[in-house]
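Single-letter residue listing:
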Amino acid sequence: MEIASKYNPAEVESKWYEYWIKNNLFHSEPDEREPYTIVIPPPNVTGVLHMGHMLNNTIQDVLVRRARMQGKNACWVPGTDHASIATEAKVVNKLAVEGIKKSDLTREEFLEHAWDWTREHGGIILQQLKKLGASCDWDRTAFTMDDIRSESVLKVFCDLYDKGLIYRGVRMVNWDPKALTALSDEEVIHKEVNGKLYYLRYMIEGDDEGRYAVVATTRPETIMGDTAMCIHPDDPKNAFLKGKKVIVPLVNRAIPVIEDEYVDIEFGTGCLKVTPAHDVNDYMLGEKYNLPSIDIFNPDGTLNENGGRYAGMDRFDVRKQIEKDLGEAGLIEKTEPYTNKVGFSERTDEAIEPKLSMQWFLKMEDLAKPAAEAVENDTIRFFPEKYKNTYRHWMENIKDWCISRQLWWGHQIPAYFLPKGGYVVAMSKEEAFAKAKQQVDYEITIDDLKQDEDVLDTWFSSWLWPISVFNGINEPDNKEINYYYPTNDLVTAPEIIFFWVARMIMAGYEYRKEPCFRNVYFTGIVRDKLGRKMSKSLGNSPDPIELMEKYGADGVRMGMLLTSPAGNDLPFDESMCEQGRNFNNKIWNAFRLVKGWEVDNNTSQPESSKIAVEWFQSKLSETITELEDLFSKYRLSEALMLLYKLFWDEFSSWYLEIVKPAYQQPIDSVTYEATLSFFDDLLRLLHPFMPFITEELWQALYNREEGESLMISFQPDAGDINKDLLSDFEDVKHIISGIRTIRLDKNIPNKEELELDIAGIHTDSFNSIISKMCNLTSIKQVSEKQAGSAGFLVGTTEYSVPLSESIDTEAELQKLEAELSYTEGFLKSVEKKLSNEKFVQNAKPEVVENERKKQADAESKITLIKENIASIYKK
RNA sequence: GAAUCGUUAGCUCAGCUGGUUCAGAGCGCUGCCUUGACAGGGCAGAGGUCACUGGUUCGAAUCCAGUACGGUUCACCA
């Protein structure tokens, strides 16, 4: 049988993915087994796969595949998110290209376009996940705006409204002048901006001496909205302003000077201009002192009629113009460079405008309580744990959630306004009508009801995801939700801990009285070599699909996992995928070797093979035990590395080399069967990490029936671990390495046979292995090392190889001297410790005992080295 | 500004309740190796005052305090 010397992933991957699908192996139905559930963090429906998705979904797939192979009923629910703002922006852009303005369309027409767009681009990302090998239950694919999820969202809205947790009111909100919508606090990113601090003169009204106050502000364009000036009551330098009125420059409006301790005397001049409509703090002052509020902005960030001569201009242009105008009017004292933090929209990167507007809010305090506790007491565990702090801090300072958005793409708020004021909240217009009739004392028709134009924040649907994917909101007692919920693990990015994770936990307790998941694995950020976050705009992100074509999905999966402990950023480098690909190739070639052997039932098993089988059995068991521990701590990269070394070093470099028959010789059947069985176990262990190549080889290892698959077989169990055998074998490796080093040093080809002399304690049972691996003709005990031989120490036993050629005594001496001085130094430090009475008294007995042993070992080693040196001199 | 996490080999990271798993792993690097699974490979090597300064202790990479430098999150100083 001819098998290519290089593994070619492309055809293998699609073949097995189709096979898994065809045999319905990803699908899960409730049964008597223990469930294992993961819900996917739904990617944006019109998004494409990026490196962050690759990392995230690889981890989920590893967890799901492993759980499935542990006999659990594993269910990974896929789906997508309608991503209100992001998608709407994309559709608006697309229409703009076609010369259509959103404002020219009706809501229905716009939504038509949005659905078209969704149908066209939606689900691409899910197809890409299939390339990665994701074992999602595709029959369960959900969308945050499909019927079940939409109904769930409305239901929850109505329910929370009925409970009095949702309210409507005019509040200062974060306004995005580009997307033309309000945002929640979490959607605002504060960035440092280099600007100026403007010192403006406000003349005192009716002051004969022409005195004035100086106000320091970063936003001179908002002066038209000023309705007061504020000073600190105890500020001596501004005391002369008390009770006066000052004139707002340019608009010549008189405003009162108020006093409040909120003002920082030290900052600027100690005078604060108060613009209640455009600053959160000024708004609070306005409330406190009952100040009028003058809104000077249009929704798009241009000035409205209150902006006087600046009406119609953009806010940033006004800032420049006003600086000029005020300067000319002699009303600018000075300007100085100033750095401050400005909020920007997460989605549009537009500077946020604090704006008073009517919005819907959700009260968070009561919802937060059980959610905070659950993480605090580890009912829900975070990996890494440090995010508990972040979470706690947010939960303790939680504010009400602004859930309305002035967009069309999303779940329209189920509130219906009544003709003479007021509104009713209901699941449908019909229901609303019924309610309305009861509520009002005048005649109305259903057409008199007008539904609120706004939609809900995207996260208002995502926070129900673990419940809504099993229809647990609409039918709270259905079989599926009762079986699959609570889910087990959530894999997501720390950036959305507040947006999503925290809120899901809240919804979980509110609607199921149970945690929505048990463990949260936070992935890091995928960065490029320069440490920059990979992003579309920087263009520094490789295309995941191209990567998979180049290195194979298994190779890329491995590359992503090799160096990414939970919570750590991943400095991505293609060389890691290369390492992954190389490992695939190693497995492939090991398989070629084993499958290429000719088996002879009449050959008896050599001693060396018999021991190797026993040893590897123990090694395997040991690794399985360690693996379980690592998985329990979600240390996936370490788990993978452990398997990497098991396969490459222990299995390929040691085990296979030992049992490998001589060239063109057959192998005995006992060893052969054992080797196949080991291979089978190794493939099972590796499968969650690299599903494709393992399935390919597992199918080829034995004759499998149609429908059989590695992915639904079981993880191997750990057997007995013979610790003595394992540790003896480590010595054997050292002996073999020692001999190899001698060959290298002395330039002795492998073909040339050697002898091995041993002075000291040695277990003979491994001689067959040493002999085979080193091409030895004899291994014998000697009282001391022969002259003219090269040696090394393993423990306190001296191994030496007699050499026919004369050896370089000078070099030999140097080596021995170096070892002697090292060992003597070592002995000295041990002796120092032991002669310290306090150490002997205070340290644990076993520690002291250990030091004594070290002392004895070092002493005998020194004696041995000295003898060797002496023997060289004798000669 | 506050909170929090971190600093160990060229790179990415392990190192649990102080003492032989204490100075480790993978990659990279250096040398040698052409027939026999694999050069996408084999074998053997070199590489670190564990950021710094004090302290606790018989004993510190490990515990404590401070400093420096990074990261993350939060914050209304105009």
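Undergrad: So, the overall build of chain A: which residues are in play, and what are the values?
TA: Scanning chain A for helices and strands turns up 27 helices and 31 strands. A globule of 875 residues ought to have a C-alpha radius of gyration of about 29 Å, yet chain A, at 37 Å, is considerably larger. Along the first, second and third principal axes, the C-alpha atoms of chain A reach 115 × 70 × 55 Å. When burial is assessed residue by residue, chain A has 53% of its 875 residues classed as buried. Taking all contacts inside chain A whose residues are at least 6 apart in sequence as the whole, residues at least 24 apart take part in 76%. With an accessible surface of roughly 40,000 Å², chain A has 49% of that area assigned to carbon and sulfur atoms. Across chain A, the centroid of the 103 positively charged side chains sits 2 Å from that of the 144 negatively charged ones.

Undergrad: Give me the lowdown on the packing of helix 19 (residues 607-632) against helix 21 (residues 669-686), citing residues and values where you can.
TA: Contact geometry for helix 19 and helix 21: axes closest at 11 Å, N-to-C directions at 15 degrees. Here helix 19 lies roughly parallel to helix 21, going by the angle between them. Where helix 19 crosses over helix 21, the handedness of that crossing is left-handed. Contacts from Ser 609, Val 613, Phe 616, Gln 617, Leu 620, Ile 624 and Leu 627 of helix 19 reach helix 21 at Thr 671, Ala 674, Phe 678, Asp 681, Leu 682 and Leu 685. Taken together, the residues of the contact of helix 19 with helix 21 sort by class into 9 nonpolar, 3 polar and 1 charged.

Undergrad: Let's hear about the pairing of strand 7 (residues 188-204): which residues, and what values?
TA: The pairing of strand 7 with strand 13 (residues 332-345) spans 13 bridges and is classified as antiparallel. Residue pairing across strands places Tyr 199 opposite Lys 334, the latter belonging to strand 13. Relative to strand 10 (residues 245-248), strand 7 runs antiparallel, the two being bridged by 2 bridges. Along strand 10, the bridge assignment pairs Ile 204 with Val 246.

Undergrad: Would you mind going over the protein's contact with RNA strand B in detail, with residue names and values included?
TA: If you check the shell around RNA strand B, you find 57 residues, and the closest are Asp 264, Phe 267, Trp 648, Asn 836 and Phe 839. In the interface set of RNA strand B, defined as its atoms within 4 Å of the protein, sugar plus phosphate atoms amount to 55%. Within the contact set of RNA strand B, a phosphate oxygen lies 2.5 Å away from a side-chain nitrogen or oxygen of Trp 648. One nitrogen or oxygen atom from the side chain of Arg 740 is found 3.5 Å from a sugar or linking oxygen belonging to RNA strand B. Take the surface near RNA strand B: its biggest share by element is 9 residues, from helix 18 (residues 574-596). For the surface near RNA strand B, a count of residues per class yields 19 nonpolar, 20 polar and 18 charged.

Undergrad: Would you mind going over the pattern of salt bridges in detail, with residue names and values included?
TA: Applying the stated rule across the entire model yields 56 salt bridges. Two residues, Arg 201 and Glu 333, come together in a salt bridge whose shortest N-O distance is 2.7 Å. Within this pair, whereas Arg 201 is found in strand 7, its partner Glu 333 is found in strand 13, the two being separated by 132 residues in sequence. Note on Arg 201: relative accessible area 22%, which makes it partly exposed. A cluster of three or more residues bridged by salt bridges with shared partners is formed by Arg 219, Glu 221, Arg 315, Arg 319, Glu 350 and Glu 353.

Undergrad: Give a detailed account of the sheet that holds strand 15 (residues 381-383), specifying residues and quantitative values.
TA: Pairing within the open sheet is parallel, and its 3 strands lie in the order 15-23-22. Of all strands in the sheet, those bounded by a partner on one side alone are strand 15 and strand 22 (489-492). Sheet twist, expressed as the mean angle between neighbouring strand axes with direction ignored, is 20 degrees. One ladder, built from 3 bridges, connects strand 15 with strand 23 (residues 519-522); its direction is parallel. When the bridges of strand 23 are listed, Arg 381 appears paired with Asn 519. Helix-sheet contacts for helix 15 (residues 497-512) involve strand 15, strand 22 and strand 23, and the interaxial angle to strand 22 is about 170 degrees.

Undergrad: Hey, could you go over helix 17 (residues 553-562) for me, with residue numbers and the actual values?
TA: In terms of burial, helix 17 is a largely internal element, 10 of the 10 residues being buried. For helix 17, the set of buried residues is Ala 553, Asp 554, Gly 555, Val 556, Arg 557, Met 558, Gly 559, Met 560, Leu 561 and Leu 562.

Undergrad: How would you summarise the packing of helix 18 against helix 20 (residues 636-659) if you had to cite specific residues and measurements?
TA: Direction vectors running N to C along helix 18 and helix 20 enclose 35 degrees, while the axes themselves pass 11 Å from each other. The crossing of helix 18 and helix 20 is left-handed. Contacts between helix 18 and helix 20 involve Gln 579, Asn 582, Phe 583, Lys 586, Ile 587, Ala 590, Leu 593 and Val 594 from the first element and Leu 643, Tyr 644, Phe 647, Trp 648, Ser 652 and Leu 656 from the second. Taken together, the residues of the contact of helix 18 with helix 20 sort by class into 10 nonpolar, 3 polar and 1 charged.

Undergrad: Account for unusual backbone geometry, naming residues and giving values.
TA: Between Phe 383 and Pro 384 the backbone carries a cis peptide bond, its omega angle lying at 0 degrees. Note that Pro 384 resides in the loop between strand 15 and helix 10 (387-396). With an omega dihedral of -5 degrees, the bond running from Tyr 485 to Pro 486 counts as a cis peptide bond. By the secondary structure assignment, Pro 486 is in the loop between helix 14 (479-484) and strand 22. A positive phi angle, near 60 degrees, is found at Asn 290, a position not held by glycine. In this structure, Asn 290 sits in the loop between helix 7 (280-289) and helix 8 (315-328).

Undergrad: Which residues make up the nonpolar core, and what are the values?
TA: Leu 362, Phe 460, Trp 463, Tyr 655 and Phe 679 are the most contacted members of the largest nonpolar core, which has 188 residues in total. Examining the composition of this core, we find that 14 residues originate from one element, helix 20, more than from any other.

Undergrad: Describe the sheet that holds strand 5 (residues 166-176), and please don't skip the residues or the numbers.
TA: The strand order 6-5-14-16 describes an open sheet built from 4 strands, whose pairing is antiparallel. Of all strands in the sheet, those with a lone pairing partner are strand 6 (181-183) and strand 16 (401-402), marking the two edges. Sheet topology places strand 5 next to strand 6; 3 bridges connect them, and they run antiparallel. Within the sheet, the bridge partner assigned to Asp 176 lies in strand 6 and is Thr 181. Strands strand 5 and strand 14 (353-362) of the sheet are contacted by helix 7, whose axis makes an angle of about 135 degrees with strand 5.

Undergrad: Now, about the confidence of the model for chain A: what can you tell me, with residues and values included?
TA: Taken residue by residue, chain A gives an average pLDDT of 92. The fraction at 70 or more is 99%. For this predicted complex, the interface confidence comes out at an ipTM of 0.96, alongside a pTM of 0.94.

Undergrad: Give a detailed account of helix 10, specifying residues and quantitative values.
TA: Side chains three or four residues apart in an α-helix point the same way, a direct result of the helix having 3.6 residues per turn. Within the sequence span of helix 10, burial applies to Tyr 387, Lys 388, Tyr 391, Trp 394 and Met 395. The arc that holds every buried residue of helix 10, seen down its axis, measures 135 degrees, which confines them to one face. The outward face of helix 10, more than 90 degrees from its buried face, is lined by the exposed residues His 393 and Glu 396. Each element contacted by the buried residues of helix 10 is listed here: helix 9 (365-376), strand 15, helix 15 and strand 23.

Rules used in this analysis
- Residues numbered from 1 in each chain as written.
- Chains lettered and ligands numbered in written order.
- Predicted model: local features only at pLDDT ≥ 70, side-chain atom pairs only at ≥ 80, totals over all residues.
- Heavy atoms only, no water.
- Helix = DSSP H or I, 4+ residues; strand = E, 2+ residues; numbered from the N terminus.
- Rg over C-alpha atoms; globule rule 2.2 N^0.38 Å.
- Buried < 20%, exposed > 50% of the residue type's maximum accessible area, 1.4 Å probe, protein only.
- Contact = heavy atoms within 4.5 Å.
- Areas by Shrake-Rupley, 256 points an atom, 1.4 Å probe, with all protein chains shown as cover.
- Lys, Arg positive; Asp, Glu negative; His and termini not counted.
- Charge placed at Lys NZ, Arg CZ, Asp CG, Glu CD.
- Axes fitted to C-alpha atoms, helices over the stretch in contact; angles between N-to-C directions.
- Parallel < 35°, antiparallel > 145°, perpendicular 65-115°, else oblique.
- Left-handed = near helix turned anticlockwise from the far one by under 90°.
- Nonpolar A, V, L, I, M, F, W, Y, C, P; charged D, E, K, R; others polar.
- Pairing = 2+ DSSP bridges.
- Near = heavy atom within 4 Å.
- Polar contact = N/O pair within 3.5 Å; in protein donor to acceptor, adjacent residues only side chain to side chain.
- Salt bridge = Lys/Arg side-chain N within 4 Å of Asp/Glu carboxyl O.
- Core = buried A, V, L, I, M, F, W, Y, C linked by side-chain atoms within 4.5 Å.
- pLDDT = per-residue confidence, 0-100.
- Arc of directions from axis to C-beta.

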